Amino acid sequence: MAPPPVYNQRSPSPSQPSGKGEVSDLKMQLRQLAGSRAPGTDDAKRDLFKKVISYMTIGIDVSSVFSEMVMCSATSDIVLKKMCYLYVGNYAKHNPDLSLLTINFLQRDCKDEDPMIRGLALRSLCSLRVANLVEYLVGPLGSGLKDSNNYVRMVAAMGVLKLYHISASTCVDADFPTTLKHLMLNDPDAQVVANCLSALQEIWSLEASKSEEASREREALLSKPVVYYLLNRIKEFNEWAQCVVLELVAKYVPSDSNDIFDIMNLLEDRLQHANGAVVLATIKVFLQLTLSMTDVHQQVYERIKAPLLTLMSSGSPEQSYAMLSHLHLLVMRAPYIFSSDYKNFYCQYNEPFYVKKLKLEMLTAVANESNTYEIVTELCEYAANVDIPIARESIRAVGKIALQQYDVNAIVDRLLQFLEMEKDYVTAETLVLVKDLLRKYPQWSHDCIAVVGNISSKNVQEPKAKAALIWMLGEYAQDMQDAPYILESLIENWDEEHSAEVRLHLLTAVMKCFLRRPPETQKALGDALASGLADFHQDVHDRAMLYYRLLQYDVSVAERVVNPPKQAVSVFADTQSSEIKDRIFDEFNSLSVVYQKPSYMFTDKEHRGPFAFSEELGSLSIGVESADNIVTAQRVEANDKDLLLGTSEKEESRGPGNNGSAYNAPAYDGSPALTAALQTQLDLVSLDHTPAASVSSTSLAIDDLLGLGLPVASTPAPPPPPALELNPKAVLDPNSFQQKWRQLPISISQEISISPQGITALTTPQALIRHMQGQSIHCMASGGQAPNFKFFFFAQKAKESSNYLVECIINTSASKAQLKIKADDQSTSEAFSSLFQSALSKFGLP
Amino acid sequence: MAGAASALFLLDIKGRVLVWRDYRGDVSAAQAERCFTKLIEKEGDPQSQDPVVYDDGVTYMYIQHNNVYLMTASRQNCNAASLLLFLHRVVDVFKHYFEELEEESLRDNFVVVYELLDEIMDFGYPQYTEAKILSEFIKTDAYRMEVTQRPPMAVTNAVSWRSEGIRYKKNEVFLDVVESVNILVNSNGQIVRSDVVGALKMRTYLSGMPECKLGLNDRVLLEAQGRATKGKAIDLDDIKFHQCVRLARFENDRTISFIPPDGSFDLMTYRLSTQVKPLIWVEAQVERHSRSRMEMTVKARSQFKERSTATNVEIELPVPSDATNPNIRTSMGSSTYAPENDALVWKIKSFPGGKEYMLRAEFTLPSITAEEPLPERKAPIRVKFEIPYFTVSGIQVRYLKIIEKSGYQALPWVRYITMAGEYELRLI
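Residues numbered from 1 in each chain as written. Chains lettered and ligands numbered in written order. Predicted model: local features only at pLDDT ≥ 70, side-chain atom pairs only at ≥ 80, totals over all residues.

**Thoughts on the overall build of chain B**
Point 1. A tally of regular secondary structure across chain B gives seven helices and 23 strands.
Point 2. Across the 428 residues in chain B, those meeting the buried criterion constitute 42%.
Point 3. The long-range fraction of contacts in chain B, counting pairs at least 24 apart against all pairs at least 6 apart in sequence, stands at 69%. (Helix = DSSP H or I, 4+ residues; strand = E, 2+ residues; numbered from the N terminus. Buried ≥ 20, exposed ≤ 12 C-beta atoms within 10 Å, placed from the backbone. Contact = placed C-beta atoms within 7 Å.)

Following this line, the structure appears as structure tokens:
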């Protein structure tokens, strides 16, 4: 029943009993009481039991009194019973000899005349978690579910779920899920219904991978009759159970707009519930139901604004934290909703850091033409006043707003004022921002450089700030009188510079400077290259080598590489694809929103429900072509990181997620030298270019996902599709492929036969991959050996960047291929399917 | 799936487990303790104090209350907002049982703690968190308990928040209308933001199953009834009701009708985001004479009608952390130096409307300053006060009717009060 807090390592303090003597004392006393019928025995027992429980809690091993405890438990006193259950639950697990004794004792109590005891005993019995004793659970659970008392039924419903986790087969064989379903639809008690619902949701989604029937049952939970039945009873449920129901309703796919309005009308008053969790769950329902109705969706935003702001500003800081995370997600989707409520996000003096930080993010997100001035004024107060971490965050926020293009003029002035404050941390943060700002608005260089030139490089210690300063020195070498000399002095201290990032920037800056002012920089460049070539850091060494050879080869080429004409950066690459954002939105009202990443990135597989995709894909080897793609993807990512030196704090947030895609690694490992070289070269160039690929893929992802959350049924019938054209240069990175594969339903699944020529040509997967690429269908991964081959293909529509994903399993001995096609745009999947089949049929033909 | 919690921990201030309840068996106490102590060690770093922490596949969510941490651990993608709220409810439950929740009260009551942990959650799903209901089957004083124990009636009852058979000799209801004013004034004296958060707090001592009806000067209602509304009605922005209020009824005809729980509860909360004039205005001027002496002149003015009086006014004025030897004079009230908060606290017991009071203070500063002065934490002036018989919004209780089938007469007592919430003036 309860925990095993057995902390042997923790030595009890002198005031605590040391164990042995006291325990044997207790044993004696318990034995004496066991048989006694004298009045007052129960009171004496209670005292002893309490002592046992206290010992157990502070970590003294009292398992030796087990049999005495069980003997003493023959009583009608409920508190004694509870203590006894607690005790046996704690020790039975670790003491298999005693488990059977315990089970007998609990089974007997499951038939007690007092419903409270029946319930408690049943709960304890189910919580034992001893796998080889599950057979003893079935009987009591079965009668518990039929018990006349609601408390017992409520416990039994959860008990079924517990049993399922100990032994799924026992649970399913006893047909408990069906009983639960019956109970859920008929029980008069709301809590019983709620527990049945929780249990069934968990059981069926875990079972769904194993049996078709379970996945049908899981769908059935979302059917109109069930959802309406629960909604009609929603007022009977307590607040937590309401949340469970609302969570289910949010997944319901309404049949038409009346359906949607009915549900919203019914739930409207839930927005006034005192429990914030209920309000947030209701908001989720509203948002999800109206996804397909743009107008109504906007109205929903208006409607939920006030409750959200109230929840954010009243209640505990922890609640504010959770609410702000959600607000941030919403504001990203609809920036205007809170633009006039920006004052609600002003920080209060004694709020904890985590709340302030999110509020600053909100202020950045809601800034627009009309409120920027006031927001920035407020942020400047924080930068000057409050504690250092907040000051830093505030400066970053100002910078982010500047990059959003509102009222840049005033902001640049402000940033330059920061530099004049002469506080090291303020200067450091500001330098990073000024650098980003200059890359976007080169027209400000004159004003900025004048101020930056006055900063002594000695006062700048933080690597990022130093790198930013050095970048500016290189970039604006012409306008800054002292640039070569400052660089020279920095190079003199090469060995003391610990950050490789700074040294890399130093190399590039001195190169740029040299190309503009050769006579003054020559010596510095020589020193820098010499130090760089001797550097122990691989990247630094490689970059120095590259420059050295470039210069050796041809100075004008070097000029073109290092100092090409630059375009101002128009948009800094977003750190998160809109695909991920949509995924998070689907998981509204969960941890995903707080972490800003979808659940598959932070939960283990068994805790997020079944989906074997990643393993399946991961175990396959990667086709030649796809390896290329992966490198491209990596490259884009590397660029992003470099580009976002200062602006991306969210960078780390995707770290753990990448672990999921184990198959990135082989591509890298295969050619470390090549990629490393690429990497350095790219680092170098990336400072000056926005990678076109990343921009296009972002916008492409937006298009892709517009239709994603929409209920399939409500998609309007499409016009007859024109002849489908595919984009020959389609790009899709493995991560997005994987996510899409997981999200999209299968639109076509069929088996086709393959021509004999095709079979003879298919000696290796590569042959087919090359052929399909000729048809604008690209391979993501492939594997297998004759006679079985497996491929994952993808293709994109020529102009719309809508994706098609295909799983193709070919059996050469049977000359058959099994296709599973998934598409962003369901309406054109037929057309694509025929295209794909014709492409496949041409394989092997001369 | 909404996601379930794996375990619930109660930890002491050093992050060691006091009591815990394992619900799903997939997170161990040692694991949680390790993670949490690591977290506590980083105390100085504000950036690592988020209430939601991820470690090795497990999400920990925690809150602090006195010298106790309450924490859930979960491996699933559970509902963050709801679990954090749940933890606060758990605090309320413990407070109901032990008066105050702290390490000592937990240590003295292990058995009750276990009983409670067992009922508030089952297999990681929240069950009942209402102290009133829980106390029907978990009694604090075990000896007073009857031998035969029935499962809680309220669980089946249509009215889950109130059990039947409650009896009082004298039937009374106390209704407190409490409004707190949040205000932020910037250094130019402009009001940057202001709002009012109101609550109708009720304490009921009523027998049986009383049916209550509350009438407010709600503009929407009065207009619907075609009554004159000049100046007397108010717009309530975002209203939240206790679960006992029939929300559908309110949606239809704005009637607030309910069967109240027994004891104290918040019937309704609301928020008004209208511009409020600062009720108490404080300005401070600081002069630094030479490098060793500092003089502060503070003016406090009450900006409400003369017939009201603010009580327990407390003005917290920030002073430099290295100031010493305070010499303070006030025209009213008393003042103490609180070096632990780097503040001067000026207390005025009674502050009538339309008055102005002064404070003058002198401090000595060390003449030698550190070579690299620490960045100054400039705090705002903060004010606390209460104004009885007054509401900023003008909300009024027009009637409170109590009808019970036995037909007793109940006495409703209504009281109004306005308080300072987050009241910050950056005028220093």
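**Notes on the overall build of chain A**
Point 1. In terms of regular secondary structure, chain A is built from 42 helices and five strands.
Point 2. A buried classification covers 45% of the 846 residues belonging to chain A.
Point 3. Across chain A, contacts joining residues at least 24 apart in sequence account for 70% of those joining residues at least 6 apart.

**Topic: the packing of helix H18 (residues 317–333) of chain A against helix H2 (residues 80–98) of chain B**
Point 1. One way to put it is that H18 of chain A packs onto H2 of chain B with a least axis distance of 9 Å and a crossing angle of 175 degrees. Classified by the angle between their axes, H18 of chain A and H2 of chain B sit roughly antiparallel to one another. Contact residues: Glu318, Gln319, Ala322 and Met323 of chain A in H18 of chain A; Ala80, Ala81, Leu84 and Leu85 of chain B in H2 of chain B.
Point 2. Class assignment for the residues of the contact of H18 of chain A with H2 of chain B results in six nonpolar, one polar and one charged. (Axes fitted to C-alpha atoms, helices over the stretch in contact; angles between N-to-C directions. Parallel < 35°, antiparallel > 145°, perpendicular 65-115°, else oblique. Nonpolar A, V, L, I, M, F, W, Y, C, P; charged D, E, K, R; others polar.)

**Some words on the domain arrangement of chain A**
Point 1. Per the domain assignment, the segments making up chain A are domain 1 (456–570) and domain 2 (720–841).
Point 2. Here domain 1 of chain A and domain 2 of chain A have C-alpha centroids that lie 48 Å from each other. (Domains from an automatic or database assignment.)

**Description of the sheet that holds strand E2 (residues 17–22) of chain B**
Residue and element names in this part refer to chain B.
Point 1. The strand order E2-E1-E5-E4-E3 describes an open sheet built from five strands, whose pairing is antiparallel. Looking at which strands have only one partner, the edges of the open sheet turn out to be E2 and strand E3 (52–55). Averaged over neighbouring strand pairs, the angle between their axes works out to 20 degrees when direction is ignored.
Point 2. Relative to strand E4 (residues 58–65), E3 is paired through four bridges, and the arrangement is antiparallel. (Pairing = 2+ DSSP bridges.)

**Quick word on the environment of glutamine 837 of chain A**
Point 1. Summarising the element assignment, glutamine 837 of chain A is placed in helix H42 (residues 829–841).
Point 2. Between the alpha carbons of glutamine 837 of chain A and tyrosine 476 of chain A there is a distance of 57 Å; along the sequence they are 361 residues apart.

**Considering H2 of chain B**
Residue and element names in this part refer to chain B.
Point 1. The end-to-end C-alpha separation of H2 is 27 Å, in line with the 27 Å expected for 19 residues at 1.5 Å each.
Point 2. What H2 keeps buried is the set Ala80, Ala81, Ser82, Leu83, Leu84, Leu85, Phe86, Leu87, Val90, Val93, Phe94 and Tyr97.
Point 3. A positive backbone phi angle near 65 degrees is found at glutamate 99, which sits one or two residues after H2. (Expected span 1.5 Å × (residues − 1).)

**Details of the nonpolar core**
Soluble globular proteins tend to bury their nonpolar side chains together.
All names here are of chain A.
Point 1. Among the nonpolar cores identified, the biggest contains 307 residues, and Val52, Val160 and Val510 are the most heavily contacted of them.
Point 2. Not counting chain neighbours up to four residues away, the residues in contact with valine 510 comprise Gly474, Leu487, Ile491, Thr521, Ala524, Leu525 and Ala528.
Point 3. Counting 33 residues, the second largest nonpolar core, distinct from the first, contains Leu732, Ile754, Met772 and Ile777. (Core = buried A, V, L, I, M, F, W, Y, C linked by C-beta atoms within 7 Å.)

**Some words on the interface of chain A and chain B**
Point 1. On the chain B side, the residues contacting the 85 residues of chain A number 74 residues.
Point 2. Split by residue class, the side of chain A that touches chain B holds 36 nonpolar, 27 polar and 22 charged.

**Let's talk about the pairing of strand E8 (residues 172–185) of chain B**
Point 1. Note: E8 of chain B against strand E9 (residues 191–205) of chain B, 14 bridges, orientation antiparallel. Of the residues in E9 of chain B, the one forming a bridge with leucine 184 of chain B is arginine 193 of chain B.

**Section: the environment of alanine 44 of chain A**
Point 1. Looking at where alanine 44 of chain A falls in the secondary structure, it is placed in helix H2 (residues 41–58).
Point 2. In this structure the C-alpha to C-alpha distance between alanine 44 of chain A and asparagine 149 of chain A, which are 105 residues apart in sequence, comes to 31 Å.

**Some thoughts on the confidence of the model for chain A**
Residues and elements named next belong to chain A.
Point 1. Overall, the predicted model of chain A reaches an average pLDDT of 76, with 81% of residues at or above 70.
Point 2. Per-residue pLDDT stays below 50 along residues 1–17; that stretch engages in 36 contacts with residues further than four places along the chain or on separate chains.
Point 3. Across residues 609–721, where pLDDT falls below 50, the model places 174 contacts with residues more than four positions away in sequence or in other chains. (pLDDT = per-residue confidence, 0-100.)

**Quick notes on the pairing of E9 of chain B**
All names here are of chain B.
Point 1. Taking the residues between adjacent antiparallel strands as the criterion, E8 and E9 are bridged by five residues, where glycine 189 takes a positive phi near 85 degrees.
Point 2. Relative to strand E13 (residues 263–272), E9 is paired through nine bridges, and the arrangement is antiparallel. The residue of E13 that forms the bridge with glycine 198 is tyrosine 270.

**Examining the sheet that holds strand E14 (residues 280–289) of chain B**
Residue and element names in this part refer to chain B.
Point 1. Pairing is antiparallel across the open sheet formed by four strands, whose spatial order is E14-E15-E20-E17. Bordering the open sheet on either side are E14 and strand E17 (324–330), each of which pairs with just one other strand. Ignoring strand direction, the axes of neighbouring strands in this sheet form an average angle of 15 degrees.
Point 2. Bridging between E17 and strand E20 (residues 356–364) involves five bridges; their strand directions are antiparallel. Bridge pairing in E20 links arginine 329 to arginine 360.

**Quick notes on the environment of asparagine 188 of chain B**
Residue and element names in this part refer to chain B.
Point 1. By secondary structure assignment, the location of asparagine 188 is in the loop between E8 and E9.
Point 2. What makes asparagine 188 exposed here is the crowd of 9 C-beta atoms within 10 Å.
Point 3. Asparagine 188 sits 21 residues away from arginine 167 along the chain, and the two C-alpha atoms are 58 Å apart.

**Quick word on helix H1 (residues 29–41) of chain B**
Residue and element names in this part refer to chain B.
Point 1. Here H1 contains 13 residues, and its C-alpha end-to-end distance of 18 Å stays within 8% of the 18 Å for a straight helix at 1.5 Å per residue.
Point 2. Three or more residues of H1 are buried, namely Ala29, Ala32, Glu33 and Phe36. For H1, the buried positions fall inside an angular range of 95 degrees around the axis, keeping them on one side. (Arc of directions from axis to C-beta.)

**A word on unusual backbone geometry**
Point 1. You will see that aspartate 175 of chain A, though not glycine, has its phi angle at about 65 degrees, which is positive.
Point 2. Along the polypeptide, aspartate 175 of chain A turns up in the loop between helix H9 (168–173) and helix H10 (176–186).

**Section: the confidence of the model for chain B**
Point 1. Overall, the prediction assigns chain B a mean pLDDT of 83, with 89% of residues at 70 or greater.
Point 2. At the level of chain-chain contacts, confidence expressed as ipTM amounts to 0.76, with global pTM at 0.71.

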